[in-house]
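# Chain and residue survey
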Amino acid sequence: MIIDCHGHYTTVPAAHTAWRAAQLSSETAPAYPTISDDEIRESIEGSQLRLMRERGVDLTIFSPRASAMAHHEGDETTSRQWAEACNDLIYRVTRLFPDSFAGVCQLPQSPGVPIANSIGELRRCVEELGFVGCNLNPDPSGGHWNSAPLTDRSWYPFYEAMVELDVPAMVHVSAVTNPNFHATGSAYLNADTTAFMQFLQSDLFKDFPDLRMIIPHGGGAVPYHWGRFRGLADMLDRPPLAESVMRNVFFDTCVYHQPGINLLFEVIDLDNLMFGSEMVGAVRGIDPTTGHYFDDTRRYVEALGLSDEDRARVFEHNARRVYPRLAA
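These figures come from a predicted structure and were not determined experimentally.

### Overview of the environment of Arg92
When you line up the elements, Arg92 lands in helix 3 (residues 76-96). Given a relative accessible area of 26%, Arg92 falls into the partly exposed group. Linking Arg92 and Ser244, residues 152 residues apart in sequence, is a C-alpha distance of 39 Å.

Shown next as structure tokens:
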């Protein structure tokens, strides 16, 4: 079985996107539109599900579109309404295609609002909708990084709920208003790298030994600069990364060329890697040097020549370990 740990609903029905625009332009959110099951099927079958079948992916861990979370837009009420609408739509996808999608929730984060206020939506999605995890935005400001580090104790109430519910979080930022950063080209990768460095500097996983965090996009710059991070851990008198971070942190394979995947697997232990593609997502074109889609990441993993056992760990077993609620 092949489980893709990183998928977003980027092809939502037009009425959903139109409602968001109306919500942001009105003092009071309009009534949410009626979206039929057939509209959802059409949005999934011709894109996400078609590509999954063509590329041999059996199950996608599916969440709302990351760039559209836009936690900086509006206020706490705006964000809560939007998160609920997005999560309800993901739930409908999982009900229509139960063998192909497992839900991960968007959180109603908002700048300056305690993350504890997001626990209710996490509980609703896990306990009532059957979701298996959440996306956690370390920078709800939209690229200005006004929040405390992920290792600050202000995040602890949310981590306590994650541990209680036995769900992981994918550390994933959203849209960017800071003109210095391109969203997918720099802001996402910066956030991935920043989160890892925050974990390195802290005792977060001593306080939460069962907490599990996924750093997407192949871990940002981390694998490429692994020696730097190992050296910094030593200089900062921190424990070795294998002891202090990598028991709790996992990377996906959303790296869109073969040399990058080769390096990722050479540097990072296999137990910390999960197959992911982020299709249909950040990079949708065809690589002119290969003739294949950039985000057809299964091809890169297959080209590594892993043993059957190791391939199964990357394609399935690691995801089941990190997302234990998949068993349900």
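### A short note on the sheet that holds strand 1 (residues 3-9)
The strand order across the open sheet formed by 8 strands is 1-2-3-4-5-6-7-8, and the pairing between neighbours is parallel. The open sheet is flanked by strand 1 and strand 8 (273-274), the only strands paired with a single partner. Sheet analysis places strand 1 next to strand 2 (residues 59-64), joined by 5 bridges and oriented parallel. Along strand 2, the bridge assignment pairs Tyr9 with Pro64. Seen against the sheet, helix 6 (residues 183-200) touches strand 5 (169-171), strand 6 (213-215) and strand 7 (249-252) and runs at an angle of roughly 140° to strand 6.

### Digging into the state of the cysteines
Throughout the structure, instances matching the rule amount to 0 disulfides. The thiol of Cys86 is not disulfide-bonded; the next cysteine sulfur, from Cys125, is found 10 Å away. Judged by relative accessible area, which is 6%, Cys86 ranks as buried. Of all cysteine sulfurs, the one in Cys5 lies closest to Cys254, which takes part in no disulfide; the gap is 6.3 Å. Residue classification places Cys254 among the buried residues on the basis of a relative accessible area of 6%.

### Some words on the packing of helix 6 against helix 8 (residues 226-235)
The relative placement of two packed helices is expressed as an angle between their axes plus a distance between the axes. At a closest axis distance of 11 Å, the pairing of helix 6 and helix 8 adopts a crossing angle of 25°. Looking at the two axes, helix 6 sits roughly parallel to helix 8. The hand of the helix 6/helix 8 crossing is right-handed. Of the residues in helix 8, those in contact with Thr193, Phe196, Met197 and Leu200 of helix 6 are Trp226, Phe229, Leu232 and Ala233.

### Thoughts on the UniProt feature "domain: Amidohydrolase-related" (unreviewed entry) in the protein
Within the UniProt annotation, "domain: Amidohydrolase-related" (unreviewed entry) is assigned to residues 3-324. Helix makes up 43% of residues 3-324 and strand 11%, and the two end C-alpha atoms of the span are 13 Å apart.

### Looking at empty space enclosed by the protein
Here the structure, examined in full by the defined rule, presents 1 cavity of 30 Å³ or more. Considered as a void within the structure, the largest cavity measures approximately 40 Å³ in volume. Considering the residues around the largest cavity, the lining is formed by Cys5, His6, Gly7, His8, Ile61, Ser63, Val104, Asn135, Met170 and Tyr323. When residues of the lining of the largest cavity are traced back to their parent elements, those giving at least two are strand 1 and strand 2.

### Comments concerning helix 12 (residues 308-322)
An α-helical segment advances 3.6 residues per turn. Residues three or four places apart therefore align on the same side. The end-to-end C-alpha distance of helix 12 is 20 Å, a good match for the 21 Å that 15 residues give at a rise of 1.5 Å each. Taking the largest bend as the criterion, helix 12 deviates by roughly 50°, centred on Val314. Tucked inside the fold, the buried residues of helix 12 contact strand 1, strand 6, strand 7, helix 10 (258-267), strand 8 and helix 11 (297-302).

### Examining the pairing of strand 7
Taken residue by residue, a regular strand's side chains alternate between the two faces of the sheet. Alternating residues of strand 7 divide into Val249 and Phe251 and Phe250 and Asp252, and every residue in both groups is buried. As paired strands, strand 6 and strand 7 are joined by 3 bridges and run parallel to one another. Following the sheet pairing, Ile215 is matched in strand 7 by Phe251. With 2 bridges joining them, strand 7 and strand 8 adopt parallel strand pairing. Note that in strand 8 the partner of Phe251 across the bridge is Leu273. Viewed along the sheet, the connection from strand 7 through helix 10 into strand 8 turns out right-handed.

### Concerning the nonpolar core
With 72 residues, the main nonpolar core has Leu122, Tyr159, Phe196 and Phe199 as its most contacted residues. Considering every element that reaches this core, the biggest residue donor is helix 5 (residues 156-165), with 6 residues. The contacts of Phe196, once residues within four sequence positions are left out, are Ile215, Val222, Trp226, Phe229, Leu241, Val245, Met246 and Phe251.

### Observations concerning the pairing of strand 4 (residues 133-136)
Here strand 4 shows two buried faces, one formed by Gly133 and Asn135 and the other by Cys134 and Leu136. Where strand 3 (residues 101-105) lies against strand 4, 2 bridges are found, and the strand directions are parallel. Counterpart to Val104 in the pairing with strand 4 is Gly133. You can see the chain leave strand 3, run along helix 4 (residues 119-128) and come back into strand 4, and the turn it takes is right-handed. Pairing analysis gives 3 bridges linking strand 4 to strand 5, with the strands arranged parallel. Bridging from a neighbouring strand, Asn135 pairs with Met170 of strand 5.

Here is what the cut-offs are and how they apply
- Residues numbered from 1 in each chain as written.
- Predicted model: local features only at pLDDT ≥ 70, side-chain atom pairs only at ≥ 80, totals over all residues.
- Heavy atoms only, no water.
- Helix = DSSP H or I, 4+ residues; strand = E, 2+ residues; numbered from the N terminus.
- Buried < 20%, exposed > 50% of the residue type's maximum accessible area, 1.4 Å probe, protein only.
- Pairing = 2+ DSSP bridges.
- Contact = heavy atoms within 4.5 Å.
- Axes fitted to C-alpha atoms, helices over the stretch in contact; angles between N-to-C directions.
- Disulfide = S-S within 2.5 Å.
- Parallel < 35°, antiparallel > 145°, perpendicular 65-115°, else oblique.
- Left-handed = near helix turned anticlockwise from the far one by under 90°.
- UniProt positions renumbered as here; feature names shortened; annotations may be inferred.
- 1 Å grid on protein atoms, 1.4 Å probe; cavity = no way out; pocket = protein on both sides within 12 Å on 5 of 7 lines; lining within 4 Å.
- Points joined across faces, edges and corners; volume = space filled by probe spheres on them.
- Expected span 1.5 Å × (residues − 1).
- Bend = angle between axes of the 7 residues up to and from the residue.
- Right-handed = clockwise from strand over helix to strand, strands pointing away.
- Core = buried A, V, L, I, M, F, W, Y, C linked by side-chain atoms within 4.5 Å.

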